[in-house]
Amino acid sequence: EYGLVVGETTTSDLEGRFVFNHVREGNYYVVAVLPGYTNLMSVLAKPHLDALSADERKRALAQVLSVTVTASQPAQLAIRLERGAEIDGTVTYDDGSPGIGLRVSFKLKSNSGSNGGGPQMTAEPPIFFGSGPPTTDDRGRFRIQGVLPGEYVVSVSVPAKSAADAFKNQFAEMLEASNDSMDVYVGGGLRASKAETIKVTAGGASKDADITIPLSKLHTIHGQVVLQSNGQPPPTAMVQLLYADTREPARMAIAPNGEFEIHYVPEGSFILSAAASAQALPKSDAEGDDNSGGSGGGYFRGSSFVFSVPANAENPAGRAELPLLVTGDVEHANISVPDPMPVNQGAPSGDAGQNAPQSNPGDSPQ
């Protein structure tokens with residue numbers, strides 16, 4: 001087994017000396033971190049090691065100094081820092097204006113487990129000592145320092161919350177919280193499988209990581225979910241937008257009374273997938289009876305709410321799908337779904353899906 005377990009940390013003095021006191025006996029890796037120099041902490045991270053072959057993993061771990069500590073015997077160690085590579089780029093919107101204050105992510109492309117459908121990626125390398133993730137400056141520029149050699153996928157996280165969401169049911173907003181941002185990759189795509197990769201060599205700098213956010217080519221889909229049995233909207237529905245070629249999730253929306261809007265959708269072919277719930281969304285005490293949403297806090301009223309989301313790999317019972325071609329804003333994307341399971345029968349369990357958070361009268365709002 002291998003993996004990153006962060007133990008004791010200390011800071012070196014002006015002459016580079018450092019001391020760890022009261023260290024238990026054992027074998028340890030010791031890593032020094034300095035901005036602009038190779039950060040070997042990422043070598044010790046399990047996601048990074050998982051991306052390497054056995055030989056590559058052995059060579060990577062050989063770069064990290066190790067020390068054996070025994071009782072009453074001080075251990076001496078000298079660490080030599082090597083200047084790291086860097087990834088430079090600029091983020092702009094497609095009208096030429098800079099993307100300011102946006103979080104930049106970089107992930108190592110995996111050489112194992114690839115199915116030929118695009119780059120397989122590891123988790124992002126860890127960042128330590130309060131440096132925080134890289135963000136774009138007032139001109140949209142960013143610089144990622146201390147990068148190990150390899151092939152990376154670089155993206156920027158763009159807020160995707162619409163002003164129209166201010167009128168939404170607060171519980172629906174909570175369920176959609178994971179959809180509040182979207183990733184835009186080098187090459188302008190919005191999904192990792194189509195991203196262009198950036199190759200980094202030892203000590204070199206890659207200045208090819210420019211990202212254009214295609215804001216003018218992002219559209220809104222408005223539609224209605226109705227029941228196949230009577231043509232009436234269900235109390236609540238879950239709507240997912242999948243890329244037609246790979247069935248990767250693109251966007252998601254909760255549809256109170258069957259009505260939904262999905263914002264910031266790129267052009268292309270999609271599958272609109274929907275399922276209904278027999279339960280209405282709870283309201284918070286801050287919301288009026290018109291369900292227009294409120295800006296204040298409060299508690300959610302009513303019993304627990306559970307929504308089961310079936311897997312996307314196939315078309316399970318209870319879910320309907322509709323092919324959708326997006327070339328501009330889409331109105332009347334209406335879809336008929338099977339009647340939902342009655343509330344007293346409960347939601348399906350097991351691998352059929354995952355449950356949304358439950359809300360009880362004593363729960364605090366998010």
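Rules used throughout
Residues numbered from 1 in each chain as written. Predicted model: local features only at pLDDT ≥ 70, side-chain atom pairs only at ≥ 80, totals over all residues. Heavy atoms only, no water. Helix = DSSP H or I, 4+ residues; strand = E, 2+ residues; numbered from the N terminus. Buried < 20%, exposed > 50% of the residue type's maximum accessible area, 1.4 Å probe, protein only. Contact = heavy atoms within 4.5 Å. Patch = residues over 30% accessible without salt bridge, like charges linked within 9 Å, V, L, I, M, F, W, Y side chains within 5 Å. Areas by Shrake-Rupley, 256 points an atom, 1.4 Å probe, with all protein chains shown as cover. Salt bridge = Lys/Arg side-chain N within 4 Å of Asp/Glu carboxyl O. Pairing = 2+ DSSP bridges. Axes fitted to C-alpha atoms, helices over the stretch in contact; angles between N-to-C directions. Polar contact = N/O pair within 3.5 Å; in protein donor to acceptor, adjacent residues only side chain to side chain. Phe/Tyr/Trp six-rings, centres within 6.5 Å; stacked < 30°, edge-to-face > 60°. Lys NZ or Arg CZ within 6 Å of the ring centre and 35° of its normal.

Describing the overall build of the protein
Piece 1. When helices and strands are tallied, the protein shows four helices and 20 strands.
Piece 2. The buried share of the protein, taken over its 366 residues, is 39%.
Piece 3. Of all intrachain contacts in the protein linking residues separated by at least 6 positions in sequence, the fraction that spans at least 24 positions is 74%.

Digging into a nonpolar patch on the surface
Piece 1. Together, F20, V23 and Y28 make up an exposed nonpolar region whose accessible area comes to about 230 Å².
Piece 2. Here F20 shows up in the segment before strand 1 (26-30).

Quick look at the sheet that holds strand 15 (residues 259-266)
Piece 1. One open sheet accounts for three strands, arranged 15-12-19; its pairing is mixed. The two strands at the open ends of the sheet, each matched to only one other strand, are strand 15 and strand 19 (335-337). Neighbour to neighbour, the strand axes of the sheet diverge by 35° on average, direction disregarded.
Piece 2. Relative to strand 19, strand 12 (residues 218-227) is paired through three bridges, and the arrangement is parallel. Residue pairing for strand 19: V225 is matched across the bridge by I335.

Thoughts on the pattern of salt bridges
Piece 1. Applying the stated rule across the entire model yields nine salt bridges.
Piece 2. A salt bridge links R17 to D13; the shortest N-O distance between them is 3.0 Å.
Piece 3. Among the residues examined, R17 registers a relative accessible area of 52% and is labelled exposed.
Piece 4. Here D137 makes a salt bridge to R141, at a shortest N to O gap of 3.3 Å.
Piece 5. Salt bridges sharing partners connect three or more residues here, namely R191, K194, D245 and E248.

Some points on the side chain of R251
Piece 1. By the element assignment, R251 lies in strand 14 (residues 249-256).
Piece 2. Residue classification places R251 among the buried positions, given a relative accessible area of 9%.
Piece 3. At a separation of 3.3 Å, a polar atom in the side chain of R251 contacts the main-chain carbonyl oxygen of H263.

Considering unusual backbone geometry
Piece 1. Phi angles above zero are rare outside glycine, and R247 is one such case at about 60°.
Piece 2. Counting through the fold element by element, R247 comes out in the loop between strand 13 (236-243) and strand 14.
Piece 3. Despite not being glycine, Y264 shows a phi value in the positive range, around 55°.
Piece 4. On the secondary structure map, Y264 appears in strand 15.

Remarks on the pairing of strand 3 (residues 85-93)
Piece 1. Sheet topology note: the strand 3/strand 6 (residues 141-147) ladder contains five bridges and is antiparallel. Among the inter-strand pairings, A85 is bridged to a residue of strand 6, identified as V147.
Piece 2. As paired elements, strand 3 and strand 10 (residues 205-206) share two bridges and run parallel to each other. Note that in strand 10 the partner of E86 across the bridge is A205.
Piece 3. As defined by bridge partners, strand 3 adjoins strand 11 (residues 211-213) across three bridges and the pair is classed as parallel. Bridge pairing in strand 11 links T92 to T212.

Some remarks on the packing of aromatic side chains
Piece 1. All chains considered together, the criterion is met by three aromatic pairs.
Piece 2. Judged by centre distance (6.1 Å) and plane angle (70°), the ring pair of F18 and F20 falls under edge-to-face.
Piece 3. Note on F18: relative accessible area 29%, which makes it partly exposed.
Piece 4. F20 gets classed as partly exposed once you look at its relative accessible area, which sits at 35%.
Piece 5. When the ring of F106 is compared with that of Y152, the centres are 6.0 Å apart and the planes differ by 50°; the resulting orientation is tilted. Of the two residues, F106 is situated in strand 4 (residues 103-110) and Y152 in strand 7 (residues 150-159); the sequence distance between them amounts to 46 residues.
Piece 6. We note R83 situated over the ring of Y37; from NZ or CZ to the ring centre the distance is 5.0 Å.

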